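# Observations on the model geometry
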Amino acid sequence: QALRLAGLPTPMHSSRVYPEVLVVAPKRKPLLQRVFWALWRANPIGGTLPGLTRRAAERHPVLLFADSILRGYGQVIFINSPVCGLLAIAASVFNSYYYALMGFLGIFLSTLTAIMLGLNEDVIRGGIFGYNGYLVGTALAMFSPGWDDYRWNPMMVAPVVICAPLSTVVSAALAQLFSRIAERPVPVFTLPFHIITWMWLLGSQQYSYFPGLTSPMLAQPTTTSDRSLLTYDLCDTVKGVFIGIAEVFFMERFESGVIILAGVMLSTFISGIAALAGAIIGVLMAMALGAPRAAMYDGLWGYNPTLVMIAIAGMFFRLTGRTAALSVLGAIFSCLLTGAVGSALKPVGLPPLTFPAALTGVLLCLLGNSLPHDKPLELAKVTVPEDALAGDDAPQPRAKLVWFS
C-alpha cells in the first residue's frame, strides 16, 4: 500500500524488495485530540469563518464594519467569531436593554476610532479594538446611578462617547509597549478597559453631574470566632456557574450565561469546555476559601478563572497536558487575586473587574518564553484551539515514504 501511494511498481514476488525505502507511518494523535478535531470539522459554523469577512469586504464596507463589530463582541471572551458575537448581543439584550445599548455604543465608537486612526486593518477586522470599548460602555452604565427602576441614565452617553475611543488609543499603545518588552506581540487582554474605567470611576467621586455608585470604604475583615462550615443551595450554586460566565460581559442573569456558553461552544468546542471548567473552578475556590455566598451566587468568583482557562487552555497556547495544567493553576491564581485585589481597591472605591484575569493572562504569556515545549502561539496565527491542534497534520496520506540519500 505504501509503495502504491508513492507511485512505485508493486512487487510480483515477495523476494523483490526496495532496500532504499523506509516506510514511516504518521504518528497518531491522542484520541481526545482527534475527537475535538472531528467535532470541529463537522460544525459548519465553527471556527473564525474567514470567508464571511471576505464576502463582506467584497459587497460593502458597512457589512465589513458590522462583521468587525460582531467579532468584537466575541473577543470579549477571546472568540473571533461573528456567530459567538451574535449570540452575545442576544444575551446582552435579554439581560438589560440599557446595558446592551451602552455596550453597543462603546464597541461601535472604539472600532470606528481604530478605523479613523488608520490602525492595522486585519486587527480591526478581528474585533481586537472593539471588545474593550464594549466593556467600558457597559461598566460605566453599571456603576452609575439610574434615573428610574430600570437604571436608565441617558447622561452616561457622554462619558461613553469620550471613554470608549480612549480605550482604542490605550490598547494600541499597550500593544506596542508589550511588544518591545517581550520582543514579540503579547495580548493586552482587558488592561485598556481597566485603565479607562478606573480613571472614570475615581474621577466620578468628584463629579457632581456624573456620580458613581462606588465609594471609598475600609475593607471589613471576615474573620470571626464562628468556624462552622458554610452551607450552599445546590440550585443557586449551579446558577452561579453560568452567571459567572455571563459576568464576563457584565451580565447578571443565568439565562445570559447559557446563551454565551452556547455561542462559545458553536465556535470552538474546546474553549466552551474551558469556559465551563473555569466557572466551576471559581465556584469551588469560593467554597474552599469561605467567600461570601452571595458573591459566589452572583458569579463574581467565576468570570476571572473563566477568562484564564479559555486564554491558556488552547487559545494563546497549543492545548497539551502541560498547558491544561497551567491553565488550571492560572485559574486558581486569578481566584486568589480576586480576593486580594478586591480588598486592596475597596479603600479607594474601585471594583476589581477582570483585572485578576488580565494580570494572570499577561504573566502566563510572558512566562511562555521560558517554556521549552509550550511556546505561546503567534498572535497573528491565533484562531481557535482546534486549528492549533490540527497543526500541519491535516489531511495527509496514511503513510509517507522517506528516501535514504
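Residues numbered from 1 in each chain as written. Predicted model: local features only at pLDDT ≥ 70, side-chain atom pairs only at ≥ 80, totals over all residues. Heavy atoms only, no water.

Summing up its helical and strand segments, the protein has 18 helices and two strands in all. By the burial criterion, 49% of the 405 residues in the protein qualify as buried. Within the protein, residue pairs in contact and separated by at least 24 positions form 74% of the contacts whose partners lie at least 6 positions apart. (Helix = DSSP H or I, 4+ residues; strand = E, 2+ residues; numbered from the N terminus. Buried < 20%, exposed > 50% of the residue type's maximum accessible area, 1.4 Å probe, protein only. Contact = heavy atoms within 4.5 Å.)

What follows deals with the nonpolar core. Grouped together as the largest cluster of nonpolar side chains are 92 residues, with contacts concentrated most on Ile77, Phe249 and Phe316. Residues contacting phenylalanine 249, with those up to four places away along its chain left out, are Tyr73, Val76, Ile77, Ala88, Tyr134, Thr138 and Ile260. (Core = buried A, V, L, I, M, F, W, Y, C linked by side-chain atoms within 4.5 Å.)

All right, on to the pattern of salt bridges then. For side chains bearing opposite charge, pairing can occur when the charged atoms are close. Under the defined criterion, the tally for this structure stands at five salt bridges. Note that aspartate 67 and arginine 71 form a salt bridge whose closest N and O atoms lie 2.8 Å from each other. Placement of both aspartate 67 and arginine 71 in helix H4 (residues 61–75) is noted, with a separation of four residues, approximately one turn of the helix. For aspartate 67, a relative accessible area of 4% corresponds to the buried category. Judged by relative accessible area, which is 2%, arginine 71 ranks as buried. Linking glutamate 121 and arginine 125 is a salt bridge whose minimum nitrogen-to-oxygen distance equals 3.9 Å. Taken together, the residues glutamate 121 and arginine 125, both in helix H7 (residues 121–125) and four residues apart, mark about one turn of the helix. Classification of glutamate 121 as exposed rests on a relative accessible area of 55%. (Salt bridge = Lys/Arg side-chain N within 4 Å of Asp/Glu carboxyl O.)

What follows deals with helix H16 (residues 321–345). Between its first and last C-alpha, H16 extends 35 Å over 25 residues, near the 36 Å set by a 1.5 Å rise per residue. Residues of H16 that are buried include every one of Thr323, Leu326, Ser327, Gly330, Ala331, Ser334, Cys335, Leu337, Thr338, Val341, Gly342 and Leu345, and no others. Against the buried residues of H16 lie helix H10 (191–204), helix H13 (269–289), helix H15 (303–315) and helix H17 (355–367). (Expected span 1.5 Å × (residues − 1).)

This part is about the side chain of serine 68. By the secondary structure assignment, serine 68 is in helix H4. Excluding residues that lie within four positions of it along the chain, serine 68 makes contacts with Thr111, Ile124, Arg125 and Gly127.

So, about the packing of helix H9 (residues 157–182) against H10. Packing of H9 against H10 brings their axes to within 8 Å, and their N-to-C directions diverge by 135 degrees. If you check the angle between H9 and H10, you find them oblique. The element H9 and its partner H10 pack so that their crossing is right-handed. Residues Pro159, Cys163, Leu166, Ser167, Val170, Ser171, Leu174 and Phe178 of H9 form the contact with H10, whose own contacting residues are Leu191, Pro192, Ile195, Ile196, Met199 and Trp200. Of the residues that constitute the contact of H9 with H10, the class distribution is twelve nonpolar, two polar and no charged. (Axes fitted to C-alpha atoms, helices over the stretch in contact; angles between N-to-C directions. Parallel < 35°, antiparallel > 145°, perpendicular 65-115°, else oblique. Left-handed = near helix turned anticlockwise from the far one by under 90°. Nonpolar A, V, L, I, M, F, W, Y, C, P; charged D, E, K, R; others polar.)

On to the confidence of the model for the protein. Residues at a pLDDT of 70 or more form 82% of the protein, whose mean pLDDT is 85. Confidence over residues 392–405 falls short of pLDDT 50; this stretch has 29 contacts with residues more than four positions distant or in other chains. (pLDDT = per-residue confidence, 0-100.)

Tallying each qualifying case throughout the model produces two cavities of 30 Å³ or more. Approximately 50 Å³ is the volume found for the largest cavity. Lining the largest cavity are Phe78, Phe189, Thr190, Leu307, Val308, Ala311, Ala357, Ala358 and Gly361. Those elements giving two or more residues to the lining of the largest cavity turn out to be H15 and H17. Here the residues of the lining of the largest cavity sort into seven nonpolar, two polar and no charged. (1 Å grid on protein atoms, 1.4 Å probe; cavity = no way out; pocket = protein on both sides within 12 Å on 5 of 7 lines; lining within 4 Å. Points joined across faces, edges and corners; volume = space filled by probe spheres on them.)

Before going further, it helps to examine the packing of aromatic side chains. Summed over all chains, the structure comprises 14 aromatic pairs. A centroid spacing of 5.2 Å and a plane angle of 55 degrees characterise the contact between tryptophan 200 and tyrosine 207, whose relative ring orientation is tilted. We classify tryptophan 200 as buried; its relative accessible area is 13%. With 5.5 Å between their ring centres and 90 degrees between their planes, phenylalanine 242 and phenylalanine 254 make a pair best called edge-to-face. With phenylalanine 242 in helix H11 (residues 234–246) and phenylalanine 254 in helix H12 (residues 254–267), this pair connects stretches of sequence that are twelve residues apart. Judged by its relative accessible area of 18%, phenylalanine 242 is buried. Overall, the relative accessible area of 28% leaves phenylalanine 254 in the partly exposed class. Ring pairing ties together the aromatic residues Phe65, Phe104 and Phe108, which thus form one cluster. (Phe/Tyr/Trp six-rings, centres within 6.5 Å; stacked < 30°, edge-to-face > 60°.)

Before going further, it helps to examine the layout of surface pockets. If you add up the space inside the second largest pocket, you get close to 1100 Å³. In terms of lining, the second largest pocket is formed by 34 residues, of which the most central are Asp122, Val123, Ile128, Leu379 and Ala380. Secondary structure elements with two or more residues in the lining of the second largest pocket: helix H3 (50–59), H4, H7 and H9. It is H9 that contributes the most residues to the lining of the second largest pocket, five residues altogether. Classifying every residue of the lining of the second largest pocket gives 19 nonpolar, ten polar and five charged.

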